[in-house]
Structures are given as C-alpha cells and as structure tokens.
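# Summary of structural features
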Amino acid sequence: MERLKVFFAGIPYELSDDTERHYQAIFYVVFALMGQFIETEIRSSRGRADAVVKTKERIFVFEFKLNGSAEDALHQIGEKGYLIPYRLDGRKLMKIGVNFSKVTRNIERYVVAGT
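Now for a quick tour of the structure.

Here is what the cut-offs are and how they apply
- Residues numbered from 1 in each chain as written.
- Predicted model: local features only at pLDDT ≥ 70, side-chain atom pairs only at ≥ 80, totals over all residues.
- Heavy atoms only, no water.
- Helix = DSSP H or I, 4+ residues; strand = E, 2+ residues; numbered from the N terminus.
- Buried < 20%, exposed > 50% of the residue type's maximum accessible area, 1.4 Å probe, protein only.
- Lys, Arg positive; Asp, Glu negative; His and termini not counted.
- Salt bridge = Lys/Arg side-chain N within 4 Å of Asp/Glu carboxyl O.
- Polar contact = N/O pair within 3.5 Å; in protein donor to acceptor, adjacent residues only side chain to side chain.
- Contact = heavy atoms within 4.5 Å.
- Pairing = 2+ DSSP bridges.
- Axes fitted to C-alpha atoms, helices over the stretch in contact; angles between N-to-C directions.
- Phe/Tyr/Trp six-rings, centres within 6.5 Å; stacked < 30°, edge-to-face > 60°.

Here Asp50 lies in strand β2 (residues 47-54). Buried charged residue Asp50 carries no salt bridge. Nearest counter-charge: Lys65, at 6.4 Å. Within polar-contact distance, the side chain of Asp50 engages the backbone nitrogen of Phe64 at 2.7 Å. Apart from the residues within four sequence positions on either side, Asp50 is in contact with Glu20, Gln24, Glu39, Thr40, Glu41, Phe62, Glu63 and Phe64.

This is the structure:
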C-alpha cells in the first residue's frame, strides 16, 4: 500500500478525474502488471467487492471509498459478506478498506484486517 501511495503521488493531476472508478482502474493496472491475479467488481449475493487479489497463500478483498473512510470501507466488506464466497478456499482471508482523497489524489488511509 505504501508503494501505491508513491505511485499515485507521481500521477499528474490533469490525468485524474476524481472518481472512485479512476482509482480502482489504476489499482487494477498496477496489480495486473505485477503479475497478480486481480478481479474487480466481484458480485456476490449482497453486493460487489471493488477488488479481489488472489495469491498463493492469501485472498485480499478490497473496498474503496473516495472522500469517505477506510473504516467504513472495511465495515462494508463484513456487512455485505464479501469474504463468504472464499471461506472454504483454504487460503488466509484479508480485508482491506481504502479511502482515497480528492484533495491529495492519493490513498488517504487504509485499514487491514485478517480472519
């Protein structure tokens, strides 16, 4: 996440459209270029997770907010049950709430919780 902050800081402000989808798209491209399996807008019975990254040992479920709070994003993962489809997978499940700031055009705060 700290490397992503550095990356976002280098993006010229003219290229930002100040939407949550903008940050989600960049997030997707970065993880895909790193060779990580990433999916976005993962539908479940109660909503959509913004991004899911699967590694050999872990599954990371991300929820993004723009000018909200990382805590609200983390809460949404639990409230909407975004981890439930992965419970029997055997990998460690991680949930990450991320808040982006329109002012700084960067990650303002993130919160990580494991299960």
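Structure's up, so let's keep going.
Attention now goes to the sheet that holds β2. Taken in spatial order, the 5 strands of this open sheet run β1-β2-β3-β4-β5, and their pairing is mixed. On the outer flanks of this sheet lie β1 (37-44) and β5 (106-114), each paired with one strand and no other. Direction aside, the axes of adjacent strands within the sheet are offset by 25° on average. Bridge analysis of strand β4 (residues 92-101) against β5 gives 8 bridges, and the strand direction is antiparallel. The partner of Asn99 across the bridge, within β5, is Arg109. Together, β3 (58-66), β4 and β5 form the strand contacts of helix α3 (residues 70-79), whose direction differs from that of β4 by roughly 145°.

For the rest of this paragraph, the subject is the packing of aromatic side chains. In the structure shown here, the tally under the stated rule is 11 aromatic pairs. Centroid distance Tyr23 to Phe100: 4.5 Å. Interplanar angle 15°. Geometry classified as stacked. Taken together, the residues span a long stretch of sequence, with Tyr23 in helix α2 (residues 20-33) and Phe100 in strand β4 at a distance of 77 residues. Phe100 shares its class with Tyr23; the two are buried. Within the aromatic cluster, the residues linked to one another by ring pairs are Phe7, Phe8, Tyr23, Phe27, Phe31, Phe60, Phe62, Phe64 and Phe100.

By themselves, these are just geometric observations and shouldn't be taken as functional.
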